[in-house]
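A structural walkthrough
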Amino acid sequence: MFLFFFWFCTETCSDSLPQQDPLRFVMNLERLPNEEKLCLCRKYYLAGFALLPFLWLVNVVWFFREAFVKPAYTEQSQIKTYVKRSGMGLLFWVAVLTTWITIFQHFRAEWGAMGDYLSFTIPLGIP
Amino acid sequence: MDLPSNKWIVHLLVCCFVVGVNCNSVDKKIYVKLNYTVSCVRLLNATHQIGCQSSLSGNVGVLHVLESEDNLDWVLSSGPNPPYMVILESPLFTRSVMMKLKSGSSRVAGVAVVAPNTNPAGAFSPHTTCPNENSGVYSETYDPAMANCNKTVWNPLGNGLSYEEFDFPIFSLKDDNDTQVIRQCYLDHNRAVNGSRPRYPLCAMQLYSLMFAVTDTATCMRRNDINLSINPEMVCDPLGDYNVWASTRPLNNTAKGHKMWESAVVAAARLDSRSFFFDIAPGAQSGVSGFVALLAAAHALRDVVQEAPPNRTILYTFFQGETFDYIGSSRMVYDMENNQFAVDLDNIHSVLEVGQVGLRNDSKLWLHTDPVSRRNDSVNKEVEDLIANLRLAATNLSVTPEVPTASQPLPPSSFQRFLRARPIPGVVLEDHQSAFTSRFYESMYDNAEYLNVSYPPNLTPEEQLRFVTESAKALTEVATLVARALYRQAGGAETQLVNINADSQTVTQMLYGFLVRTNNSWFQQLIPSDFMSHLTNRPPNLYVGAVQQSSEPTVLVQFLMANLTGSTVNVTQENCQNQREDENDKESRHMYIYMWVQGAVPPNSTQRQGFCVRSTARLSKAVSPAFDLREFTSKDYSTWTESRWKPISGRIFLVASHELEMLTLGVGVGVLLTSLLLTYVISAKADILFSSGREPTNATY
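Residues numbered from 1 in each chain as written. Chains lettered and ligands numbered in written order. Predicted model: local features only at pLDDT ≥ 70, side-chain atom pairs only at ≥ 80, totals over all residues. Heavy atoms only, no water.

**Focus on the interface of chain A and chain B**
Listed by partner, the interface residues are 14 residues for chain A and 14 residues for chain B. With both sides pooled, the region where chain A packs onto chain B buries about 1100 Å², and carbon together with sulfur makes up 64% of that total. The largest share of the area that chain A buries against chain B comes from Phe120(A), Leu124(A) and Gly125(A), three residues that together contribute 49% of it. Across the chain A-chain B interface, the total number found is four residue pairs in polar contact (both at pLDDT 80 or more). With three residues, helix 5 (residues 113-118) of chain A is the largest single contributor of residues to the side of chain A that touches chain B. For the side of chain A that touches chain B, the per-class residue count stands at eight nonpolar, four polar and two charged. (Contact = heavy atoms within 4.5 Å. Buried area = accessible area lost by both parts, 1.4 Å probe. Polar contact = N/O pair within 3.5 Å; in protein donor to acceptor, adjacent residues only side chain to side chain. Helix = DSSP H or I, 4+ residues; strand = E, 2+ residues; numbered from the N terminus. Nonpolar A, V, L, I, M, F, W, Y, C, P; charged D, E, K, R; others polar.)

Following this line, the structure appears as structure tokens:
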């Protein structure tokens, strides 16, 4: 866990660039060089596999314009792939979570003890 | 310079204060809070939930005062402004009305019952027709012919409302100014004149009584144990409290289990009652009449058991929670079986239980016995002896003991739990031959008025306390009979019987204390000073309640028992409170209970003169064994739990029509959107709009 965070926060994307503030990816995407964008996009895509679908969501929202709207540039095809894959992963997660939440909410009361043990907070006054 | 600025601050503070006050009064202008709100609450057992509840934010409904049962149509179908909050006068609080409201509950927001100031002429019992049907001794295996009240329906007037589940709140209102305000509000705003729609604004009421627990005891006890969340909330608590017990001979309470050479006659009574609403359970006939008679009997026996002790010990027991499947008695029997009590079942010689004895119309007292255990000859002989003793005890008394038909089973009684364990000989004293005499069994009308505990007008509370009522005299006779019978049953000499007489003065004072007000000068003398705050100017609530809250009658009965059967000992306050006679005494605590009571105020003094009372009046746990065994679906023991709830309250206010509400909301949203749009436009065109002002700063930038 810790190693993952360490990697995510500190690894710089490109050696060619001068070392800057490691948290600079909060900066405006427009001002980054293209290879930096690709590296960021890749980082978010990979990190999403650590059961973090929100990173994929961020990736899709953030890089959608870069991947599909902007005029073509060298790294764009790769960014496109990452954004697409992130989107697919996101969809998969949404489907799984929606199904599970629907099932859980619907059957929690019926499951009795099991339903209670699976719950974090149990609503008051209803089964 | 200083002076004016100070002035400003003062002005500002005054303004703030005025604003604060205004806020308060706006709330007061909108809402009228109900002062006296007694609610029906949710209880759960192994299989069911009963009682009432509101939604999370309280149920709101337009007030409708129900005038007759035909008028229900307005609430259930024709009225144009559902849901309705139905105000019932008590004659309409019947099963048929309530069940109709329950089935149409989508149009019913709640019910408020106006409790009358005098008892109704008819009968009302919200209890079941066969109380404690499944937890007594008469199961299918014991005798199929007697199970489920097959032979005798004990409470034929019972309508079972207390055991129904309602998904709306039901409150009780006192018939006073509050209720008058509600009625007036209804008349002014909601009353349909000549069948026309009542016009807005309408008078509405909101009732909050959110119950946490749901489904059944197993579910809520499980949820109590799940502590995942950040602030885990308990959802329910087992019903229970303490039994009170005392013995004529001190029993070592530290050494539990069987006592060699000990033989005890159990004299039992029940301490609790209930009604539809949890906060009012006067239980005059169902509880108070019995335990007051037994307390008076114990008092009558105090001296004679010291001077001419009988062979056997008399074990006085006051069971708590009997209304809910015999919580107290089942626990004591369980403790006796498991050597957790001062004696065990082998030590029990026989049982004499005092049931409902407050309403004897024709001086008869009925001796109920169990026909099944009497099929055994030796048990039958013991029972016959006990009946003979009771008859002997009645000589020269105005009470005539009578025996109902031999095939009739026992009425609902704690003795049944002893019989469940083994065939112990015993008799239950009641004022009814078969079905209950009581018209108000386990209802809020089972009060002082119903027992005819009434006083001539213009008496001060002190005079009322001393006034010997006719009911007290009648109950004294019963107490004398019980005392003499117990003495004979314990093996005492027949010649002593004439010396055993219950004191009508004590009985009337106890009736006053338990039925009119606990805060009286006599009770004040008999209790420790730290219990003073519990005394009130109302009769105590006999509902057993959750385990955590100590029940007031239990403690009062313990103090009374201690004072009426114990003796005053010359011990310092410190030693008394440490349960010892002197500094080196380590043994007495096993045998006795010491209480430092505050005593009376002597004339020409203001300081009470406390003293130490030594007695055997102890408490023992009255919590169903099901909760110790964690068998929440138990069929043998009581599984009743009480849900926890958010504060219960109610208020009335005027509501505007739905259209007006929507219009107000619409205008609000419109204003918001317009302002957003305006802001956007202004910020987008800022350079044009504010160009002249901006230019110099732009230049420097």
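Back to the write-up after that little detour.
**Looking at the state of the cysteines**
On inspection of all chains with the given rule, the structure shows five disulfides over all chains. Sulfur-sulfur distance for the disulfide between Cys185(B) and Cys203(B) comes to 1.9 Å. Across the disulfide from Cys185(B) to Cys203(B), rotation about the S-S bond amounts to roughly 105°, and the bridge is consequently right-handed. Taken together, the residues span a long stretch of sequence, with Cys185(B) in helix 4 (residues 177-190) and Cys203(B) in strand 9 (residues 202-208) at a distance of 18 residues. With relative accessibility at 13%, the residue Cys185(B) sits in the buried group. A disulfide bridge connects Cys576(B) with Cys612(B), and the sulfur atoms are separated by 2.1 Å. The sign of the 85° torsion about the S-S bond sets the Cys576(B)-Cys612(B) disulfide as right-handed. Linking Cys576(B) in helix 15 (residues 573-577) with Cys612(B) in strand 20 (residues 611-615), this pair joins segments that are 36 residues apart in sequence. Exposure class is identical for Cys576(B) and Cys612(B). Each is buried. Once the disulfide-bonded cysteines of chain B are ranked by sequence position, their pairing pattern turns out to be 1-2, 3-4, 5-6, 7-8, 9-10. No disulfide involves Cys41(A); its nearest neighbouring cysteine sulfur is the one of Cys39(A), lying 9.9 Å away. (Disulfide = S-S within 2.5 Å. Buried < 20%, exposed > 50% of the residue type's maximum accessible area, 1.4 Å probe, protein only.)

**What to know about the UniProt feature "transmembrane region" (unreviewed entry) in chain A**
The UniProt entry lists residues 44-65 and 86-107 of chain A under the feature "transmembrane region" (unreviewed entry), expressed in the numbering used here. Span residues 86-107 of chain A is 100% helix and 0% strand, its end C-alpha atoms 31 Å apart. (UniProt positions renumbered as here; feature names shortened; annotations may be inferred.)

**Concerning the pattern of salt bridges**
Within the structure shown, the criterion is met by 24 salt bridges over all chains. With a shortest N-O distance of 2.9 Å, Asp116(A) and Arg223(B) are connected by a salt bridge. Residue Asp116(A) is located in helix 5, and its partner Arg223(B) is located in helix 5 (residues 217-225); the two belong to separate chains. Look at Asp116(A) and you get buried, because its relative accessible area is 0%. Here Lys381(B) ties to Asp385(B) by a salt bridge, and the two come within 3.3 Å at their closest N and O atoms. On the criterion of helical spacing, the pair formed by Lys381(B) and Asp385(B) is a turn pair, its members being four residues apart in helix 8 (residues 377-393). (Salt bridge = Lys/Arg side-chain N within 4 Å of Asp/Glu carboxyl O.)

**Focus: the domain arrangement of chain B**
Bring the parts together and some accessible area is lost; that lost area is often taken as the interface size. Residue and element names in this part refer to chain B. Taken domain by domain, chain B comprises domain 1 (31-226 + 648-660) and domain 2 (263-528). Just the C-alpha atoms count here: the centres of domain 1 and domain 2 sit 34 Å apart. Taken together, the contact pairs 49 residues of domain 1 with 43 residues of domain 2. Buried area between domain 1 and domain 2, summed over both chains or domains, comes out near 3600 Å², and the portion from carbon and sulfur atoms is 62%. When residues of domain 1 are sorted by the area they lose upon contact with domain 2, Asn119, Asn132 and Trp154 head the list and together hold 21% of the total. Run the count over domain 1 and domain 2 and you get one salt bridge. Residues Arg375 and Asp143 are paired through a salt bridge, measuring 2.8 Å at the closest nitrogen-oxygen approach. Applying the counting criterion to the domain 1 and domain 2 interface returns 23 residue pairs in polar contact (both at pLDDT 80 or more). Contributing elements (two or more residues each) for the side of domain 1 that touches domain 2: strand 2 (38-39), strand 7 (108-115) and strand 8 (170-174). Within the side of domain 1 that touches domain 2, the residues separate by chemical class into 31 nonpolar, 16 polar and two charged. (Domains from an automatic or database assignment.)

**Things to note about the pairing of strand 9 of chain B**
Residue and element names in this part refer to chain B. With six of its seven residues buried, strand 9 lies for the most part within the structure. As paired strands, strand 5 (residues 59-65) and strand 9 are joined by four bridges and run antiparallel to one another. Its bridge partner lying in strand 9, Val60 is registered against Gln206. Here strand 9 pairs with strand 23 (residues 649-655) via seven bridges, running antiparallel. Among the inter-strand pairings, Met205 is bridged to a residue of strand 23, identified as Ile652. (Pairing = 2+ DSSP bridges.)

**Notes on the UniProt feature "domain: Nicastrin small lobe" (unreviewed entry) in chain B**
Under the local residue numbering, the UniProt record ascribes the feature "domain: Nicastrin small lobe" (unreviewed entry) to residues 39-213 of chain B. A distance of 16 Å separates the end C-alpha atoms of residues 39-213 of chain B, which is 17% helix and 22% strand.

**Let's talk about empty space enclosed by the protein**
All names here are of chain B. Under the defined criterion, the tally for this structure stands at six cavities of 30 Å³ or more. Within this model, the largest cavity holds a volume of roughly 140 Å³. Along the walls of the largest cavity sit 17 residues, with Cys130, Tyr138, Cys149, Trp154 and Gln416 positioned nearest its centre. Grouping the constituent residues of the lining of the largest cavity by class yields eleven nonpolar, five polar and one charged. The residue makeup of the lining of the largest cavity includes at least three contributed by each of domain 1 (31-226 + 648-660) and domain 2 (263-528). (1 Å grid on protein atoms, 1.4 Å probe; cavity = no way out; pocket = protein on both sides within 12 Å on 5 of 7 lines; lining within 4 Å. Points joined across faces, edges and corners; volume = space filled by probe spheres on them.)

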